[in-house]
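Here is how the chains run, residue by residue.
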2 protein chains.
Amino acid sequence: MKKLAVLFLCLNFLWSFGQEDIKQDFKPSTLNQPGQEYPMVNSQGYVRFKIKAPAADSVSVSLGLGGRGGTKLTKNEEGFWTGTTEGPMDEGFHYYHLTVDGGTFNDPGAKNYYGSVRWESGIEIPAHDEEFYALKNVPHGTVQQILFPSPSTDTSRRAFVYTPPGYHTDTDKEYPVLYLQHGWGEDETAWMNQGKANLIMDNLIAEGKIEPFIIVNTYGMTNEIKWGGIRDFDIKHFQTVLTEELIPYVDSHFRTLDNPENRAMAGLSMGGMETRMITMNKPDLFQYYGLLSGGTYSPEDLKAHDDLKLVFLSAGSKENPERVKQATKALNDAGIKAISYVSEGTAHEFLTWRRSLYQMAPLLFN
Amino acid sequence: MKKLAVLFLCLNFLWSFGQEDIKQDFKPSTLNQPGQEYPMVNSQGYVRFKIKAPAADSVSVSLGLGGRGGTKLTKNEEGFWTGTTEGPMDEGFHYYHLTVDGGTFNDPGAKNYYGSVRWESGIEIPAHDEEFYALKNVPHGTVQQILFPSPSTDTSRRAFVYTPPGYHTDTDKEYPVLYLQHGWGEDETAWMNQGKANLIMDNLIAEGKIEPFIIVNTYGMTNEIKWGGIRDFDIKHFQTVLTEELIPYVDSHFRTLDNPENRAMAGLSMGGMETRMITMNKPDLFQYYGLLSGGTYSPEDLKAHDDLKLVFLSAGSKENPERVKQATKALNDAGIKAISYVSEGTAHEFLTWRRSLYQMAPLLFN
């Protein structure tokens, strides 16, 4: 027991030592709802919460250091529950939610983003390289919500189509298209909302780093049991929607370059799995493939893909980046052009994928 | 005391009598998050809630019959709080939120809509005339999110532009434009999300009831103190954004008919107030004006508006429809073409405005 007591004192000392280091320059998260002060983030990446629930017995936040079960809040005299993450969070976007007296709710201060098969609270830890996805005073493209007919699922399905600046004014120009998929638990809103794909593209185009292209996001049918769920996922349903319904609709309603050398498919996480399955089932449809934290190809996988221009593989440094690097080397050794990218200091989260898009976009359609 | 006891028994009897009348054909609200069973709505318009919060002491819902303070939920053995509204709700869309142990949260089962200066839960009571805003297998227009430069507010501002079916394929055609404003506490997302303006237009066009036109929604700067708040609202800030920044941007980036006879402005509630102020300050900019639950014009107001084609005034029957009818008569008596519309059985809510748009659209640009 004596040893335990000493250990406890030591831990307590280390904790208070850590706490003293927290800078008090907290600012509202950039993803807060209009006029909301909390949640706040400081320059080190600590997050501070403040939730009103005067009669609650316990309030905790799912956001916190890995494996430590989030952040428990304590009630102050005015009935607000407050608390700060035990340590700094990784740079970039994170989903989170509250647990209030055993129920799951969102933080009323934060905007919501679709992830984990629900609209979750979102927070942004400013990244040292955040300029590449910032809203700047540059020409902006538009994000078009389309409803395309889907006979195979007997409904009109939604997609978002990013058209670059100039699309509406230079009306003779035709563009390549990247079909870009979200991950499990997310939907077609993820890449533009959490991913800021439109701002990444606007900035790349304004800096002359890429030739403009179109991006299309639709729901990958990843979340419901009726399409196989995550365990028995069956790609054929989404493959039909994408290749027989969406692509022909986009090619007939937008000024696309309607051929494989101007068509790419990429996806993050389970969207990468989908990309891998569809590109292997349909080797003649796309000539650029991207798997972002979403698996790898072997040379064997791609032996019939004679016209393939590029494979892009990426991961966060806190994921399994070696696997991506090794797969890239094996592809290159087999004479297939492959490029890998590792996002430093990030895990299976959206900053990895924002950076991956930023790295991949200049490599497409060259 | 005896009298009180009898009264209590009577009330209890009447209440239980009422409860027996509730049909048990509850179905998930059409605005629920994917896979969520609750909230549910029955064919009479009663709403049933089920919220998990096993350790909470009280959970209530802001939705309920007018003036009765919402619906209190009771906890069952599994830790779920359940309850049903005391009576049927009006048809159409309603905002609501939960109060859990004194804190304000959203219903984790429902999707969120921006109203009351926060993202609120939304519920849909199926309306007898819901076909006019249903998603149907007809050609669909697109809803384009644009970011337009706003030197007066030193940022890029967001707007949504509905372009009708055919806009992307019949690339020589030019279209009239309706600038359509949301109400206080809402933002530029309201008309397409809550209002289903895109589906209303798609259906009207498919039925040949209107010639296609463009709709533009942007934020009316109604919610912050910096623009005067609701009490000291100063239209000049938004008027500059709309008339000097947004309209020129839309006219240069979309195929519009760029003249007053093909330009309309309308708004709901505070967006109607804004429409009234801007059209009176700028009598040469628009030739169609619509105030939806948003005030009236007098003949005196419009005496300098020589080219005015139409004033459209509307309200829900549970608002103050007489005022709208009288104003319309006074305008007509003065030789000004005005048409009024009263939405039966609705209050200051979105079904009133969906129906108003449906009634107003065929009257514009003729």
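Each value, and the rule that gives it
- Residues numbered from 1 in each chain as written.
- Chains lettered and ligands numbered in written order.
- Predicted model: local features only at pLDDT ≥ 70, side-chain atom pairs only at ≥ 80, totals over all residues.
- Heavy atoms only, no water.
- Pairing = 2+ DSSP bridges.
- Helix = DSSP H or I, 4+ residues; strand = E, 2+ residues; numbered from the N terminus.
- Axes fitted to C-alpha atoms, helices over the stretch in contact; angles between N-to-C directions.
- Domains from an automatic or database assignment.
- Contact = heavy atoms within 4.5 Å.
- Buried area = accessible area lost by both parts, 1.4 Å probe.
- Salt bridge = Lys/Arg side-chain N within 4 Å of Asp/Glu carboxyl O.
- Polar contact = N/O pair within 3.5 Å; in protein donor to acceptor, adjacent residues only side chain to side chain.
- Nonpolar A, V, L, I, M, F, W, Y, C, P; charged D, E, K, R; others polar.
- Least-squares fit on C-alpha atoms with pLDDT ≥ 70 in both.

J.: How do you make sense of the sheet that holds strand β12 (residues 118-125) of chain B when you look at a structure like this?
T.: Residue and element names in this part refer to chain B. Pairing is antiparallel across the open sheet formed by 3 strands, whose spatial order is β8-β12-β11. Looking at strand neighbours, the two that pair on one side only are β8 (92-96) and β11 (112-115), the edges of this open sheet. Strand-to-strand, the axes of this sheet are offset by a mean angle of 50°, without reference to chain direction. Alignment of β11 against β12, held across 4 bridges, turns out to be antiparallel. Paired with N112 across the bridge in β12 is S121.

J.: When you look at the domain arrangement of chain A in this model, what are you seeing that I'm missing?
T.: How large an interface is tends to be reported as the accessible area lost when its parts come together. Residue and element names in this part refer to chain A. The domain architecture assigned to chain A consists of domain 1 (24-126) and domain 2 (132-363). Averaged C-alpha coordinates put domain 1 and domain 2 at centres separated by 31 Å. Every contact between the two is made by 15 residues of domain 1 and, on the other side, 19 residues of domain 2. Together domain 1 and domain 2 conceal approximately 1300 Å² of surface at their shared face, both sides included; 49% is due to carbon and sulfur atoms. Taken together, the links from domain 1 to domain 2 amount to 3 salt bridges. A salt bridge links D90 to K318, with the shortest nitrogen-to-oxygen separation between them at 2.6 Å. For the interface between domain 1 and domain 2, the tally reads 9 residue pairs in polar contact (both at pLDDT 80 or more). In terms of residue class, the side of domain 1 that touches domain 2 is built from 7 nonpolar, 4 polar and 4 charged.

J.: Just to check I follow, could you spell out the relation of the copies chain B and chain A for this structure?
T.: One copy of the chain maps onto the second through a rotation around an axis plus a translation along that axis. Each copy of the sequence occupies a distinct position, and chain B is placed on chain A by a rotation of 180° and an axial shift of 0.0 Å, giving an RMSD of 0.0 Å. Read as a symmetry element, the transformation amounts to a two-fold axis. Rotation axis and chain B: the residue whose C-alpha lies nearest the axis is Q144(B), separated from it by 2.0 Å.

J.: Would you mind going over the interface of chain B and chain A with me for this structure?
T.: With 44 residues of chain B at the interface, the matching set in chain A holds 44 residues. Across the interface of chain B and chain A, roughly 3400 Å² is buried in total on both sides, 54% from carbon and sulfur atoms. Taken together, the links from chain B to chain A amount to 0 salt bridges. Sort the elements by how many residues they give to the side of chain B that touches chain A and strand β13 (residues 142-150) of chain B lands first, with 6 residues. With 3 bridges joining them, strand β13 (residues 142-150) of chain A and β13(B) adopt antiparallel strand pairing. Each residue of the ladder has a partner; that of V143(A), found in β13(B), is Q145(B).

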